[in-house]
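Single-letter residue listing:
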Amino acid sequence: MHIVLIHSRFIPRKKSGGPTFLLDKNNPVILQQTTQFSSYDISVITGFESDKILKIKLGNNVTNIFNEKYMVAGTLYELSLLPNLNDDLLIISGPVILTSKVINLLAQQKYSTVPILPVNPDNELGCVLDQNFNIENILWKLPNKILDVVFLKKKDANELLYLSKKQESINKFLFEGLNFLLEKTQIKGKFIENGITTY
């Protein structure tokens, strides 16, 4: 499995974003991923304040990718910066930390899977599930709260990466790409109560 951490965006209303939150916590996600998940190849996509990440010594399994369009591009476009992959893909976008237990749990899933959280008033992105926990749609203000975190099986990952390279994807968000995938494949929702921290 390949892991990609997306931390490039500038957030105007907060005058922050990028890797800022990674640098003032006791367990920065970069260091956590590097030390705990050394069995996985990891790509870190940076843009805003990327120089702060470059000062951190990353493991040999970690590659830094600079997004020159971080001021205008959406999270879907950023996936186009990844090298060609031939593996499952775990996407973690924004100020989110997953424990090793959650990452390994997702890596073992038979289907592409989106973690579903307990109700979180700070996050308005949600999804609709059918009776078999298949995701039908992802949109703002829906029940079953989610973050920009998704585990994709290799075939689905390749489909999403292909979509990310299209010109019309430059301003789109990750969940818009996932809705496109839902027209072609099955993505499961999995309730996870512990092991996901947001900042």
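Owing to the predicted nature of the structure, the values given are computational and were not obtained by experimental measurement.

For the protein chain, the count of helices and strands is six helices and 13 strands. Residues counted as buried form 51% of the 199 residues belonging to the protein chain. Restricting the contact set of the protein chain to residue pairs at least 6 apart, pairs at least 24 apart contribute 70%. Accessible surface, the protein chain as shown: approximately 10400 Å² in total, 49% of it carbon and sulfur.

The subject of this paragraph is the pattern of salt bridges. For the coordinates displayed, the defined rule picks out three salt bridges. Note that Lys 153 and Asp 88 form a salt bridge whose closest N and O atoms lie 3.5 Å from each other. Residue Lys 153 is located in the loop between strand 11 (149–152) and helix 5 (154–164), and its partner Asp 88 is located in the loop between helix 3 (75–78) and strand 6 (89–93); the two are separated by 65 residues in the primary sequence. Residue Lys 141 pairs with Glu 124 through a salt bridge whose shortest N-O separation is 3.3 Å. With Lys 141 in the loop between strand 10 (135–140) and strand 11 and Glu 124 in the loop between strand 8 (112–116) and strand 9 (125–129), this pair connects stretches of sequence that are 17 residues apart. With a relative accessible area of 64%, Lys 141 lands in the exposed category.

All right, on to the nonpolar core then. Most often, soluble globular proteins have nonpolar side chains that are buried together. Grouped together as the largest cluster of nonpolar side chains are 30 residues, with contacts concentrated most on Leu 79, Leu 82, Ile 91, Leu 160 and Leu 178. Looking at which element gives the most residues to this core, the answer is helix 6 (residues 174–182), with five residues. Counting residues in each nonpolar core, the second largest holds 19 residues, with Met 1, Leu 5, Ile 103 and Phe 151 among its members.

Attention shifts here to the side chain of Thr 113. Relative to the helices and strands, Thr 113 is located in strand 8. Of note is the side chain of Thr 113, whose polar atom sits 2.8 Å from the backbone oxygen of Tyr 111. Sequence-distant contacts of Thr 113, defined by excluding residues within four places in its chain, comprise Leu 106, Val 150, Phe 151, Ile 187, Lys 188 and Lys 190.

The subject of this paragraph is the confidence of the model for the protein chain. In this model, the protein chain carries a mean pLDDT of 83, and residues with pLDDT of at least 70 account for 78%. Below pLDDT 50 for its whole length, residues 23–27 participates in four contacts with residues either more than four positions away or in separate chains.

For the pair helix 5 and helix 6, interaxial distance at closest approach is 10 Å and the crossing angle is 120°. As the angle between them shows, helix 5 and helix 6 are arranged oblique. Crossing of helix 5 against helix 6: the hand is right-handed. Touching Asp 156, Glu 159, Leu 160 and Leu 163 of helix 5 are Leu 174, Gly 177, Leu 178, Phe 180 and Leu 181, all from helix 6. Grouping the constituent residues of the contact of helix 5 with helix 6 by class yields six nonpolar, one polar and two charged.

Attention shifts here to the packing of aromatic side chains. Counting across every chain of the model gives four aromatic pairs. Between Phe 66 and Tyr 70, the aromatic rings sit 6.3 Å apart at their centres with planes inclined by 65°, giving edge-to-face as the arrangement. On the basis of relative accessibility, which here comes to 40%, the residue Phe 66 falls in the partly exposed class. Taking 6.4 Å as the distance between ring centres and 10° as the angle between the ring planes, the aromatic pair formed by Phe 173 and Phe 175 counts as stacked. On the basis of relative accessibility, which here comes to 8%, the residue Phe 175 falls in the buried class. Over the aromatic face of Tyr 111 sits the side chain of Lys 188, whose NZ or CZ is 5.4 Å from the ring centroid.

The subject of this paragraph is the pairing of strand 6. In terms of residue burial, strand 6 counts as a mostly covered element, since five of its five residues are buried. Judged by which residues are buried, strand 6 turns out to be covered on both faces: Leu 89, Ile 91 and Ser 93 on one side and Leu 90 and Ile 92 on the other are all buried. Sheet analysis places strand 1 (residues 2–7) next to strand 6, joined by five bridges and oriented parallel. Residue Leu 5 lies in a different strand from strand 6, and its bridge partner there is Ile 92.

Rules used in this analysis
Residues numbered from 1 in each chain as written. Predicted model: local features only at pLDDT ≥ 70, side-chain atom pairs only at ≥ 80, totals over all residues. Heavy atoms only, no water. Helix = DSSP H or I, 4+ residues; strand = E, 2+ residues; numbered from the N terminus. Buried < 20%, exposed > 50% of the residue type's maximum accessible area, 1.4 Å probe, protein only. Contact = heavy atoms within 4.5 Å. Areas by Shrake-Rupley, 256 points an atom, 1.4 Å probe, with all protein chains shown as cover. Salt bridge = Lys/Arg side-chain N within 4 Å of Asp/Glu carboxyl O. Core = buried A, V, L, I, M, F, W, Y, C linked by side-chain atoms within 4.5 Å. Polar contact = N/O pair within 3.5 Å; in protein donor to acceptor, adjacent residues only side chain to side chain. pLDDT = per-residue confidence, 0-100. Axes fitted to C-alpha atoms, helices over the stretch in contact; angles between N-to-C directions. Parallel < 35°, antiparallel > 145°, perpendicular 65-115°, else oblique. Left-handed = near helix turned anticlockwise from the far one by under 90°. Nonpolar A, V, L, I, M, F, W, Y, C, P; charged D, E, K, R; others polar. Phe/Tyr/Trp six-rings, centres within 6.5 Å; stacked < 30°, edge-to-face > 60°. Lys NZ or Arg CZ within 6 Å of the ring centre and 35° of its normal. Pairing = 2+ DSSP bridges.

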